[in-house]
Each structure stands twice: as structure tokens, then as C-alpha cells.
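# Examination of the molecular architecture
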Amino acid sequence: FFFLMIRRPPRSTQSRSSAASDVYKRQFMNIANKFLIKRFGFDEKEAGKLLMIVYLSSAVFSPPIGILVDNIGHRVKLMLFSYIFLFTAHIYCAIVPNSDEPNYWAILPLCCIGIFYSIFVTIIWPSIALIVDTKYLGTAYGLTTAVQNSGMALFPLIVGYLHDTFIDDGKAGYFWVSIFLIVMAIFGFLFTVLLLFFEIKSDGPLEKVQKITIDEEEPIKSVSLQES
């Protein structure tokens, strides 16, 4: 949403176009340990081990996703595709019944969140450099981080309130927490759709393959970023 607000129109047909990006930071990991204990029947030690799946998934999938994006572009479409995994994870967590015994189907949403995180974060941060002038990159990254961390400061308060208020919802207080996360994912999805609309309308750089060309005679002064 922040980058939709600072989006600028293309400066010319021969220079880099400006576009937009969207930052989504999932809140699930803040509650995941207790979630696995109360909803999926794991003890604290097992729950802690299972949480590694999210980070391992991200470690495995991020490099090939980065290579894919560098070669085909389509950054915004891939971000939209990543929401399939996020919706799958949170909807499953909302509807699955409580279990007193370890339910290893919990691996499904954890893997989905890891894949979503791999796709989205691999695309989102490099995209900032494509839509913001070099002299403003420090400001752009700083403001993006500020907006992201503001959300991370606010969301735990909302999640905690929902959990404590609906503790008797039959899902250990986590049903409405899951619904809240689904709603946040829907907002993220809609803003990404809006981003794709502006990207196509302005012929922006996010859907294109970026190639660096260097003039052999003046390698320092003639480095340029081209779109294909």
C-alpha cells in the first residue's frame, strides 16, 4: 500500500518507469508455537522443531525463485500466485479441529507459509530498487521498514485481544485469530491486484526482465538498466 502511494508515472519511454510494490509481513509466526501446542496436540519441544519448517522452506525455495524472477520477470503475477499458499495455510488453520494427539498435518500450513514467504520476500525487496530513483533508495528502504515494523507492533495487540476475547470459541481462541489473518491476506491480495493494474497501465518495470548493459569504453559512466 505504501508503494502504491509513492508511485510516480514514467519519466520517458527510454528511461526506467516507476511502479509500485506492496509489503506484507505475516503475523502467524508470533503465535505459531502456542498454536501448534493447543490446536495440533504437540508439546513445546516438538512445536519448536516444527517451526523450523517455515525457515527451511524459505531457505530451499528462495534461491530458485530468485533465479526464476531474474529470467522471466512477472514479479507482480508471482506475488499474486504466492497468496494461494497463504490462503491455504490460514484457511486450514481456521477449520481444522483441535487435536489432543500430535497432528502432523500441521506441516501443510507451515510449508505453505514458508513458500509464500520465499516468493513474496524474494520479489518485494529487490523491486524497491526498480521503482525508486537511486538517490532515494535509503529513504525508501527506511520508510518501508518503518511501515512494516509499525504493523508488526500493532498486530500482536489485535491478535492478543482476539485470542483472549474468544478463548471459548472451540478452537482454543485461535479461530478468529485465523480469520483476522485471512482478512489481512485478502487486503494484501487486493492491493497486489491494484499494483498489477497500475503496472500494466504504466508499462512499469516489475513485470519485465531487467538486464544490465555496460559500455566497454566507459564502463563506469555507462552502466544502464534495460527492460525486456
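Computed from a prediction, not measured in an experiment: that's the story for all the values here. (Residues numbered from 1 in each chain as written. Predicted model: local features only at pLDDT ≥ 70, side-chain atom pairs only at ≥ 80, totals over all residues. Heavy atoms only, no water.)

A few words on the confidence of the model for the chain. Of all residues in the chain, 80% attain a pLDDT of 70 or more, and the chain-wide mean is 78. Scored below 50 in pLDDT, residues 5-25 makes 66 contacts in the model with residues more than four places away or belonging to other chains. (pLDDT = per-residue confidence, 0-100. Contact = heavy atoms within 4.5 Å.)

Here the focus is the nonpolar core. In terms of nonpolar packing, the biggest core is built from 56 residues, with Phe28, Leu36, Phe40 and Leu110 touching the most fellow members. Broken down by secondary-structure element, the contributors of at least two residues to this core are helix 2 (28-40), helix 3 (44-50), helix 4 (52-72), helix 5 (75-95), helix 6 (107-131), helix 7 (137-165) and helix 8 (175-202). Top element by residues in this core is helix 6. It accounts for 12 residues. Aside from chain neighbours lying at most four places away, what touches Phe40 is Phe35, Tyr92, Val96, Ser99, Glu101, Pro102, Asn103 and Ala106. (Core = buried A, V, L, I, M, F, W, Y, C linked by side-chain atoms within 4.5 Å. Buried < 20%, exposed > 50% of the residue type's maximum accessible area, 1.4 Å probe, protein only. Helix = DSSP H or I, 4+ residues; strand = E, 2+ residues; numbered from the N terminus.)

Their axes nearest at 8 Å, the elements helix 5 and helix 6 cross at an angle of 150 degrees. Put simply, helix 5 runs roughly antiparallel to helix 6. Helix 5 and helix 6 meet at a crossing whose hand is left-handed. The residue makeup of the contact of helix 5 with helix 6, split by class, is 20 nonpolar, 4 polar and 1 charged. (Axes fitted to C-alpha atoms, helices over the stretch in contact; angles between N-to-C directions. Parallel < 35°, antiparallel > 145°, perpendicular 65-115°, else oblique. Left-handed = near helix turned anticlockwise from the far one by under 90°. Nonpolar A, V, L, I, M, F, W, Y, C, P; charged D, E, K, R; others polar.)

The next thing to look at is unusual backbone geometry. Phi at His74 is positive, roughly 55 degrees, even though this residue is not glycine. Position of His74 among the secondary structure elements: in the loop between helix 4 and helix 5. In this structure His74 comes out as partly exposed when scored by relative accessible area, which is 34%.

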